Amino acid sequence: MTTHLSAATDGITRVFTGEEGARIEVRNLGGEIVIEANAAGLKTLAGHLLTLAQDGTPDGAHLHLEENNGLEEGSVGLVLERCDDE
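Residues numbered from 1 in each chain as written. Predicted model: local features only at pLDDT ≥ 70, side-chain atom pairs only at ≥ 80, totals over all residues. Heavy atoms only, no water.

Draft legend 1. Quick peek at the overall build of the chain. A count of helical and extended segments in the chain gives one helix and seven strands. Looking at the chain as a whole, 28% of its 86 residues qualify as buried. Surface accessibility of the chain: about 5,600 Å² in total, with carbon and sulfur atoms responsible for 49%. (Helix = DSSP H or I, 4+ residues; strand = E, 2+ residues; numbered from the N terminus. Buried < 20%, exposed > 50% of the residue type's maximum accessible area, 1.4 Å probe, protein only. Areas by Shrake-Rupley, 256 points an atom, 1.4 Å probe, with all protein chains shown as cover.)

Below is the structure:
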């Protein structure tokens, strides 16, 4: 089953889709962050990033992924955010 999450920012709704069987784990190893995922998880992350990259998506639009909310148990939180400032 594919999951869908809708988020509205500045009146613009974006749909974030999660692939069936997606497994994503985020670990903080001190000096680096490791994102480990199966194929479905990688497709899910790619889809989230492409959704944030869509034309018309406002600066600052973001998605929070947390343990048991998109990420595997034991993961540290991950925020994907669009920032168009240079």
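Draft legend 2. Representation of unusual backbone geometry in the model. The backbone of N68 sits at a positive phi, close to 65°, despite the residue not being glycine. Among the secondary structure elements, N68 is positioned in the loop between β5 (62-67) and β6 (70-71).

Draft legend 3. Main features of the sheet that holds β5. Read from one edge of the open sheet, three strands run β6-β5-β7, paired in mixed fashion. Edge strands, defined here as strands with exactly one partner in the open sheet, are β6 and β7 (78-81). The pairing of β5 with β6 spans two bridges and is classified as parallel. Looking at β6, one finds that E67 is bridged to L71. (Pairing = 2+ DSSP bridges.)

Draft legend 4. Quick look at the confidence of the model for the chain. Averaged over the chain, the pLDDT score is 87; the fraction of residues at 70 or greater is 85%. Ranking the helices and strands of the chain by mean pLDDT puts strand β4 (residues 33-37) first, with 98, and strand β1 (residues 3-9) last, with 57. (pLDDT = per-residue confidence, 0-100.)

Draft legend 5. Molecular detail of the pairing of strand β3 (residues 24-28). Relative to β4, β3 runs antiparallel, the two sharing five bridges. Across the sheet, residue N28 finds its bridge partner in β4, namely I33. What sits between β3 and β4 in their antiparallel hairpin is a turn of four residues, with G30 showing a positive phi close to 90°.

Draft legend 6. Looking closely at the pairing of β7. Side chains of β7 alternate between two faces, with L78 and L80 buried and V79 and E81 left unburied. Note: β5 against β7, four bridges, orientation antiparallel. Within β7, the residue paired with L63 across the bridge is L80.

Draft legend 7. Helix α1 (residues 39-53), seen in detail. With 15 residues, α1 should cover 21 Å at 1.5 Å per step; its first-to-last C-alpha distance of 21 Å lies within 8% of that length. The complete set of buried residues in α1 reads A40, G41, T44, L45, H48, T51 and L52. Along the long axis of α1, the arc covered by the buried residues comes to 140°, so they all point the same way. In α1, the exposed positions that point more than 90 degrees away from the buried face belong to A39, K43 and L50. (Expected span 1.5 Å × (residues − 1). Arc of directions from axis to C-beta.)

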